Amino acid sequence: MADSEFLFNMDHGYLEGLCRGFRSGILTQGDYLNLVQCETLEDLKLHLQSTDYGTFLQNEPSPLQVATIDDKLREKLVIEFQHLRNHSLAPLSQFLDYITYMIDNIILLITGTLHQRAISELLPKCHPLGSFEQMASISIASTPAELYNAVLVDTPLAPFFVECISEQDMDEMNIEIIRNTLYKAYLESFYNFCQNIGGATAEVMGQILSFEADRRCFIITINSFGTELSKDDRAKLYPRCGQLYPDGLVKLAKADDYDQVQNVAQYYGEYRNIFDNVGNGPSEKTLEDRFFEHEVKLNVLAFQQQFHFGVFYSWLKLKEQESRNVVWIAECIAQRNRGKIDNYVPIF
């Protein structure tokens, strides 16, 4: 056994084994086939009791609500993740901090404040894996510069926010630019962090984060059509750590419509397959669906190697996809819309 693998097991072996145990509890295709046969949410609850979810809904009163199922799924995931984080040592602890939800929480609070929503109403909607002490103070900021100086300067997001600092008042467009600028800096920093760790972590996470960066570039480009965002400003939002960098990003920056974006994807085998299998029919997969399917594929493959941190990231992402699947099926059952109940993203 190599020294690096021996040292990895000394510090992180127990948690990797625990994470792989969590992964073995992810719902199988057989479980989904049973879930889609359920007639009511109570039937869904009974079937989930036979899986690793156990009795996580046993104390919920009838009639069961989809929102309750969603909340309890997240609560279970948060407990498991926090157990891993609380027992981790550096650099795994820093790696786990990278995969929390501070950016999403900040954007949620800024947007809610912009629409005159009370901060006390917004805080419960924030993801518990991205909470920090200064969150309640976000409502005092009216410009990105104030947001940074008064709230974020002492948080882990401070280095990512430097490029967002301006004296412009925050509106819908500026908030979206802030979101994408933060994610650009975050992805590039996370990618470099994983490459510096080296070994299997660099290989596995390099592939996963490269795809995540490219997905953001495609989505930013498509969403920018018909908006006031200029091509130059759009190009500044592209993460530069994916397969598209640099040549593909130059082509994307010049794109004027969806067809031109698809033409860029044709130069990259995995993205060509994603775009070629997108449809607009009721039973066809959207581009977002195809991206989710490819993400699931990459995260499943991460478990085929050992002695790396990628399993923690992939487990979290697969559990999030599983939660989306269960909530989708629950919504279809609650709304008696069985025609679309099979439009979930299978994992195994």
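So, here is what we can say about the structure in this document. Because the structure is a prediction, the values reported are computed rather than measured.

**Notes on the overall build of the protein**
Check the secondary structure of the protein and you find 17 helices and zero strands. The C-alpha radius of gyration of the protein comes to 21 Å, within 12% of the 20 Å expected for a compact globule of 348 residues. Principal-axis analysis of the C-alpha atoms gives the protein an extent of 55 × 55 × 45 Å. For the protein, buried positions account for 49% of its 348 residues. Intrachain contacts of the protein at a sequence separation of at least 6 include 62% that bridge at least 24 residues. Summed over its atoms, the accessible surface of the protein is roughly 16900 Å², and 48% of this surface lies on carbon and sulfur atoms. Side-chain charges of the protein comprise 29 positive and 48 negative groups, with the mean position of each set lying 4 Å from the other.

**Re the environment of I347**
Relative to the elements of secondary structure, I347 occurs in the segment after α17 (310–334). Assessed through its relative accessible area of 9%, I347 is described here as buried. The sequence separation of I347 and E172 amounts to 175 residues, and the corresponding C-alpha distance is 35 Å. With sequence-adjacent residues up to four places away left out, I347 is seen in contact with I26, Y32, V296, V300, L318, Q321, E322 and N325.

**Observations regarding the pattern of salt bridges**
Under the definition given, this model contains 16 salt bridges. In this structure, the salt-bridge partner of E295 is R215, at a minimum N-O distance of 3.3 Å. Of the two residues, E295 is situated in helix α16 (residues 287–301) and R215 in helix α11 (residues 199–224); the sequence distance between them amounts to 80 residues. Its relative accessible area of 12% is what places R215 among the buried residues. One connected set of salt bridges, linked through shared partners, spans E60, K72 and E75.

**Overview of the nonpolar core**
L44, F95, F190 and F312 are the most contacted members of the largest nonpolar core, which totals 112 residues. Looking at this core, the element that brings in the most residues is α17, giving twelve residues. Setting aside anything within four residues of it in sequence, one finds L44 in contact with L35, C38, I69, I329, A330 and I333.

**Overview of the packing of helix α13 (residues 247–254) against helix α14 (residues 258–265)**
Each pair of packed helices gets described by two things: the angle between the helix axes and the distance between those axes. At a minimum axis separation of 9 Å, α13 and α14 run at an interaxial angle of 170 degrees. Judged by the inter-axis angle, α13 sits roughly antiparallel to α14. Contacts between α13 and α14 pair G248, K251, L252 and K254 from the former with Q260, V261 and V264 from the latter. Looking at side-chain class alone, the contact of α13 with α14 contains three nonpolar, two polar and two charged residues.

**Concerning the state of the cysteines**
By the definition in use, this model includes zero disulfides. Distance from the sulfur of C38, which forms no disulfide, to the nearest cysteine sulfur (C332) is 12 Å. Its relative accessible area of 6% is what places C38 among the buried residues. Summary of cysteine pairing: C241 is not part of a disulfide, and the nearest cysteine sulfur, belonging to C217, is at 8.1 Å. The class for C241 is buried, based on a relative accessible area of 8%.

**Points about unusual backbone geometry**
Cis peptide bonds are those with omega within 30 degrees of zero, and the linkage from S62 to P63 qualifies with 0 degrees. For P63, the position within the fold is in the loop between α3 (41–49) and α4 (66–86). For F307, which is not glycine, the phi dihedral falls at a positive 60 degrees. Unusually for a residue other than glycine, R336 sits at a positive phi of about 55 degrees.

**Digging into the packing of aromatic side chains**
In total, this model carries 22 aromatic pairs according to the counting rule given. In textbook terms, an aromatic cluster arises when at least three aromatic residues are bridged by ring pairs, as seen for F8, F95, Y98, F160, Y183, Y186, F190, F193, F307, F309 and Y313. Across the ring face of F303, the terminal group of R23 is positioned such that the distance to the ring centre comes to 5.5 Å. Between K251 and the ring centre of Y267, over which it is positioned, the NZ or CZ distance is 5.3 Å.

**Remarks on helix α10 (residues 172–197)**
When the terminal C-alpha atoms of α10 are compared, their 38 Å separation across 26 residues agrees well with the 38 Å that a helix rising 1.5 Å per residue should span. G198 occupies a position one or two residues after α10 and carries a positive phi of about 80 degrees.

Criteria and cut-off values
Residues numbered from 1 in each chain as written. Predicted model: local features only at pLDDT ≥ 70, side-chain atom pairs only at ≥ 80, totals over all residues. Heavy atoms only, no water. Helix = DSSP H or I, 4+ residues; strand = E, 2+ residues; numbered from the N terminus. Rg over C-alpha atoms; globule rule 2.2 N^0.38 Å. Buried < 20%, exposed > 50% of the residue type's maximum accessible area, 1.4 Å probe, protein only. Contact = heavy atoms within 4.5 Å. Areas by Shrake-Rupley, 256 points an atom, 1.4 Å probe, with all protein chains shown as cover. Lys, Arg positive; Asp, Glu negative; His and termini not counted. Charge placed at Lys NZ, Arg CZ, Asp CG, Glu CD. Salt bridge = Lys/Arg side-chain N within 4 Å of Asp/Glu carboxyl O. Core = buried A, V, L, I, M, F, W, Y, C linked by side-chain atoms within 4.5 Å. Axes fitted to C-alpha atoms, helices over the stretch in contact; angles between N-to-C directions. Parallel < 35°, antiparallel > 145°, perpendicular 65-115°, else oblique. Nonpolar A, V, L, I, M, F, W, Y, C, P; charged D, E, K, R; others polar. Disulfide = S-S within 2.5 Å. Phe/Tyr/Trp six-rings, centres within 6.5 Å; stacked < 30°, edge-to-face > 60°. Lys NZ or Arg CZ within 6 Å of the ring centre and 35° of its normal. Expected span 1.5 Å × (residues − 1).

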